[in-house]
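# Structure at a glance
These are the residues of each chain, in order.
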Amino acid sequence: MSAYQSKVADSDGWRHYSAAEDEIWSTLLETQLAMLAGRACDEFIHCLTALDLPPERVPQLAEVNEKLAAESGWQLTAVDGMTSFDDFFTMLGDCCFPAATFIRTREDLEFVSQPDIFHEVFGHGPLLMHPSYAAFSQTIGKTGVGQTAAFQKALAAVYWYTCETGALQDASGQNRLYGASTLSSPKEIVHASSGQQAELRPFSIPDMVLNSYRIDELTKTYYQVPSLAYLATISQSELTSSIEQALDAAAQTKSPQLENV
């Protein structure tokens with residue numbers, strides 16, 4: 001994997017991308033748009049259309065934020081690399097999404113283990129305009145603030161299996177994808193929708209907590225919610241109690257899975 005560095009904004013707040021980087025954005029956008037039909041949920045496609053991302057260049061976060069602010073009040077906030085759990089959950093609770101500003105190289109075009117600006121803007125940006133996804137993202141953030149390291153790690157697993165790799169059942173009963181990591185990766189979106197190498201499970205917070213994952217590998221398990229609107233019904237108290245019960249059960253049984261949380 002290439003060593004990536006964040007783009008530093010100039011005095012006008014502008015981050016400069018090379019012609020080669022703009023071309024990578026264009027290639028990714030064209031590739032993913034062609035893969036959405038029959039794979040992505042309708043809500044993602046609708047919001048992506050409303051976001052109206054430029055096809056020929058990497059967008060500036062300020063451009064995206066104008067549209068997010070008008071629809072949901074959320075903002076993408078540039079960060080320098082991976083954030084701590086404390087910072088991540090605090091930002092989500094404040095309706096700010098920590099966004100990387102570099103773009104992947106052609107070497108990592110199909111799958112990148114670090115979130116890049118294509119992942120942040122194309123993957124997360126659209127549904128941060130959707131009230132159910134936006135509300136759930138904020139609930140995740142508020143639930144994680146001030147918690148123990150073990151709790152935050154468990155909550156991060158719930159976030160991974162929902163906002164990053166989640167699936168849902170659409171009105172016709174078909175499985176559709178809404179997770180940002182899945183939808184922003186040419187390799188992952190095919191893997192997730194193949195029905196051969198990936199396992200689809202019903203939504204279960206305790207199961208997510210105890211199901212190990214790696215961000216540098218294709219996801220082995222996808223969890224399906226009944227609908228995107230279902231996410232907004234999940235409360236802080238439900239998240240907290242479900243995670244605490246899962247951690248307690250793992251501790252009592254001395255489950256080897258406990259090391260994953």
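Before any of the text, the structure's been laid out above.
Think of each chain on its own: its residues are numbered from 1, step by step along the sequence as written. Local features in this predicted model are restricted to residues whose pLDDT is 70 or higher, and side-chain atom pairs enter the listing and the counts only when it is 80 or higher, whereas totals over whole chains, interfaces and linings include all residues. Values reported for side chains reflect all heavy atoms of the structure, with hydrogen atoms and water molecules removed beforehand.

### Digging into the packing of aromatic side chains
- Working definition: rings of Phe, Tyr and Trp (its six-membered ring) pair if their centres are within 6.5 Å, and the pair is stacked with planes under 30 degrees apart, edge-to-face with planes over 60 apart, and tilted otherwise. By the definition in use, this model includes eleven aromatic pairs.
- Ring plane angle 65° and centroid distance 5.7 Å describe the contact between Phe44 and Phe122, whose orientation is recorded as edge-to-face. Pair noted here: Phe44 is in helix 2 (residues 42–51) and Phe122 is in helix 5 (residues 117–124), with a separation of 78 residues, a long-range link.
- Classification of Phe122 as buried rests on a relative accessible area of 0%.
- Between the aromatic rings of Phe88 and Phe89, the centroid separation amounts to 5.5 Å while the plane-to-plane angle is 65°, which identifies the pairing as edge-to-face.
- Connected via pairs of aromatic rings, a cluster forms that spans Trp25, Phe44, Phe118 and Phe122. Labels follow the DSSP assignment, with helices taken as runs of H or I lasting at least four residues and strands as runs of E lasting at least two, numbered in each case from the N terminus. Residue burial is assigned from relative accessible area. The probe radius is 1.4 Å, only protein chains are included, and a residue is buried under 20% of its type maximum, exposed over 50%, and partly exposed in between.

### Describing helix 12 (residues 236–253)
- The span expected for a helix works out to 1.5 Å for each residue beyond the first. Relative to the 26 Å expected for 18 residues at 1.5 Å per residue, helix 12 spans 26 Å between its end C-alpha atoms, a close match to the ideal helical length.
- Turning to helix 12, its buried residues are Leu239, Thr240, Ser242, Ile243, Ala246, Leu247 and Ala250.
- Lining the buried residues of helix 12 we find helix 6 (131–144), helix 7 (149–164) and helix 10 (205–210). For this analysis, residues touch if any pair of their heavy atoms sits within 4.5 Å.

### Comments concerning the side chain of Glu21
- With respect to the element layout, Glu21 can be found in helix 1 (residues 19–35).
- Given the relative accessible area of 17%, Glu21 is considered buried.
- Pairing of N or O atoms within 3.5 Å defines a polar contact, subject to two protein rules: one partner must be a possible hydrogen donor and the other a possible acceptor, and residues neighboring in sequence count only if both atoms are side-chain atoms. Among the polar contacts made by the side chain of Glu21, one reaches the side chain of Lys7 at a distance of 2.9 Å.
- Those residues within four positions of Glu21 in sequence are excluded, and the remaining contacts are Lys7, His16, Val58 and Ile103.

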